[in-house]
Amino acid sequence: MTPRIDGLQYANWSEKIFRQLRQGGVDAVHVTITYHETFRETVLNIEAWNRWFECFPTLIFQGRTAADVARARATRRTAIFFGSQNPSCMEDDIGLVEVLHTLGLRFMQLTYNNQSLLATGCYEAEDSGLTRMGRAVVSEMNRVGLVVDMSHSGERSTLDAIAHSTRPIAITHANPATWHPALRNKSDKVLRELSASGGILGFSLYPHHLKGGSHCTAQEFCQMIARTADLIGIGALAIGTDLCQDQPDSVVEWMRSGRWTKAIDFGEGSAESPGFPPMPQWFQNNCHFGAIESGLHDFGMSGSEVAAIMGGNWLDFFSRSFTFESVKQERAAE
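Everything numeric in this text was worked out from a predicted model, so none of it was measured.

1. What about the overall build of the chain?
Within the chain, the regular secondary structure consists of 12 helices and nine strands. At 18 Å, the chain has a C-alpha radius of gyration in line with the 20 Å of a compact globule built from 334 residues. Seen through its C-alpha atoms, the chain measures out along the principal axes to roughly 50 × 45 × 40 Å. Across the 334 residues in the chain, those meeting the buried criterion constitute 57%.

The structure is reproduced here in structure tokens:
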């Protein structure tokens, strides 16, 4: 059977959520382990995950390769793949890219809304594209097998990353801007270039990315996926829920403001509604992936197409993305 994979979550992790992953049949999930943290602070977050792996070995384990998804299915556990939503964890040291990959990081966003040393975030007025350091870091990420994630990046920077990267990139959690014009959602031009280059889009369930916000229905969400399939094909489509289950509002403030401002940045929220918006009633936690699957069937998608979107495409992307280039070269020489 095809696995069920979620391309992005940032939950307030607990035994309850780990058990819900199993109840929902989630075989693998890319989890955000760091936002604005430095390298050393990121290591401390990895230590915390190591303790969870020790405490709940029958529920979760750390994923490093695509083969770990099959291992998760065989042992009825969930493989946890680490990711960063900002390049803060590599500080200004390109050598830390390989170190972070060795520690298990498999995804890294080049920006989180703002301009970074690498690229421009989607909240900046001007997008200058990949920087000189950004091009060098993308090449290094390609070499070691660390996925370039442009979920929070501006249009030009995203197109630059697609063009410069020698491996397909990911937009792990966003939706088409033509469906809902949030700053974080992506233009049809970006989506076409992403698909043509072998990249992948994870559809987001974060209410600020949805038409109708928290009131978006499962039918509307699945119709959006079906329309995107018509635009760019099934092969580039996946799920990246952006589920932030059980997180306090103080966490969304950290996500948006970090240490870069003394003021409160409301991001996609507002002063009247500053915290996490409620999730749609039909998708509250990891037990509810079946609502997406059945909704896609209702729009006439075949079993193989639904399976691809629910996890098959992520699995193929993992197999193409996580291998260290030197390992590929050694195998080619044998």
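Here the narrative resumes, following the displayed structure.
2. Topic: the packing of helix H10 (residues 289-298) against helix H11 (residues 303-321)
Contact geometry for H10 and H11: axes closest at 9 Å, N-to-C directions at 145°. Of the two elements, H10 crosses H11, and the hand of that crossing is right-handed. Contacts between H10 and H11 involve Phe289, Ile292, Glu293, Leu296 and His297 from the former and Gly303, Val306, Ile309 and Met310 from the latter. Tallied by class, the residues present in the contact of H10 with H11 amount to six nonpolar, two polar and one charged.

3. Some details on the side chain of Asn286
Within the fold, Asn286 resides in the loop between helix H9 (249-257) and H10. Residue classification places Asn286 among the buried residues on the basis of a relative accessible area of 0%. Polar contacts involving the side chain of Asn286 include one to the side chain of Gln9, which spans 2.6 Å. Sequence-distant contacts of Asn286, that is, excluding residues within four places in its chain, are made with Gln9, Ile17, Gln20, Leu21, Gly24, Val26, Leu243 and Gln245.

4. Focus: the environment of Gly233
Counting through the fold element by element, Gly233 comes out in the loop between helix H8 (218-232) and strand E9 (237-239). Gly233 gets classed as partly exposed once you look at its relative accessible area, which sits at 24%. Each C-alpha atom, one on Gly233 and one on Ser214, is 27 Å from the other, the two residues being 19 residues apart in sequence.

5. Side note on the nonpolar core
Buried together is how nonpolar side chains tend to be arranged in soluble globular proteins. Counting 75 residues, the largest nonpolar core has Trp49, Phe221, Ile225 and Ile292 as the members making the most contacts within it. At eight residues, H8 tops the list of elements feeding residues into this core.

6. Comments concerning H9
Buried residues of H9: Val251, Val252, Met255, Arg256 and Ser257, and no others. Trailing H9 by a residue or two, Gly258 shows a phi angle of about 45°, which is positive.

7. Points about H10
Those residues of H10 not exposed but buried are Phe289, Ile292, Gly295 and Leu296. Buried residues in H10, looked at end-on, bunch into an arc of 125°, giving them a common side. Where H10 is buried, its residues meet strand E1 (5-9), H8, E9 and H11. Positive phi appears at Gly300, one or two residues downstream of H10, with a value of about 90°.

8. Examining the pairing of strand E8 (residues 200-203)
Here E8 shows two buried faces, one formed by Ile200 and Gly202 and the other by Leu201 and Phe203. Note: strand E7 (residues 170-171) against E8, two bridges, orientation parallel. What sits directly across from Ala170, in E8, is Ile200. Following the backbone out of E7, through helix H7 (residues 188-196) and into the adjacent parallel E8, one traces a crossover that is right-handed. Examined bridge by bridge, E8 and E9 share three bridges and lie parallel to one another. Residue pairing for E9: Gly202 is matched across the bridge by Ala238.

9. Focus on the pairing of strand E2 (residues 28-34)
E2 sits mainly inside the fold: seven of its seven residues count as buried. This β-α-β element, E1 to helix H1 (residues 15-23) to E2, shows right-handed connectivity. When E2 meets strand E4 (residues 78-84), the two strands line up parallel, connected through six bridges. Paired with Val29 across the bridge in E4 is Ile80.

Rules and cut-offs
Each residue is numbered by its place in its chain's sequence as written, counting from 1. For this predicted model, a pLDDT threshold of at least 70 governs which residues receive local features, and a threshold of 80 or more governs which side-chain atom pairs are given and counted, while totals over whole chains, interfaces and linings are taken from all residues. Hydrogens and waters are ignored; side-chain quantities use all the structure's heavy atoms. The numbering of helices and of strands both runs from the N terminus, where a helix is a DSSP run of H or I of at least 4 residues and a strand a run of E of at least 2. Note that the radius of gyration is over C-alpha atoms, with the globule rule given as 2.2 Å times the number of residues to the power 0.38. Each residue gets one of three labels from its accessible area relative to the maximum for its type: buried under 20%, exposed over 50%, partly exposed in between, using a 1.4 Å probe on protein chains only. A fitted line through C-alpha atoms represents every axis, and for helices the fit uses only the stretch in contact; the resulting angles, taken between N-to-C directions, go from 0 to 180 degrees. If you view the pair so one helix is near and one far, a crossing is left-handed when the near helix is turned anticlockwise from the far one by less than a right angle, and right-handed when it is turned clockwise. Any two residues whose heavy atoms approach within 4.5 Å at even a single point are treated as in contact. Gly falls in the polar group here, along with every residue not listed as nonpolar (Ala, Val, Leu, Ile, Met, Phe, Trp, Tyr, Cys, Pro) or charged (Asp, Glu, Lys, Arg). Contacts described as polar in this section are N or O atom pairs within 3.5 Å, which, within protein, must combine one atom able to donate a hydrogen with one able to accept it, while residues neighboring in sequence count only if both atoms come from side chains. Nonpolar cores are built from buried Ala, Val, Leu, Ile, Met, Phe, Trp, Tyr and Cys residues. Side-chain atoms within 4.5 Å join them into one set. The directions considered for the arc are those from the helix axis to the C-beta atoms. Only when DSSP finds a minimum of two bridges between them are two strands counted as paired. Handedness rule for crossovers: strands pointing away from the viewer, path from the first strand over the helix to the second running clockwise, crossover right-handed.

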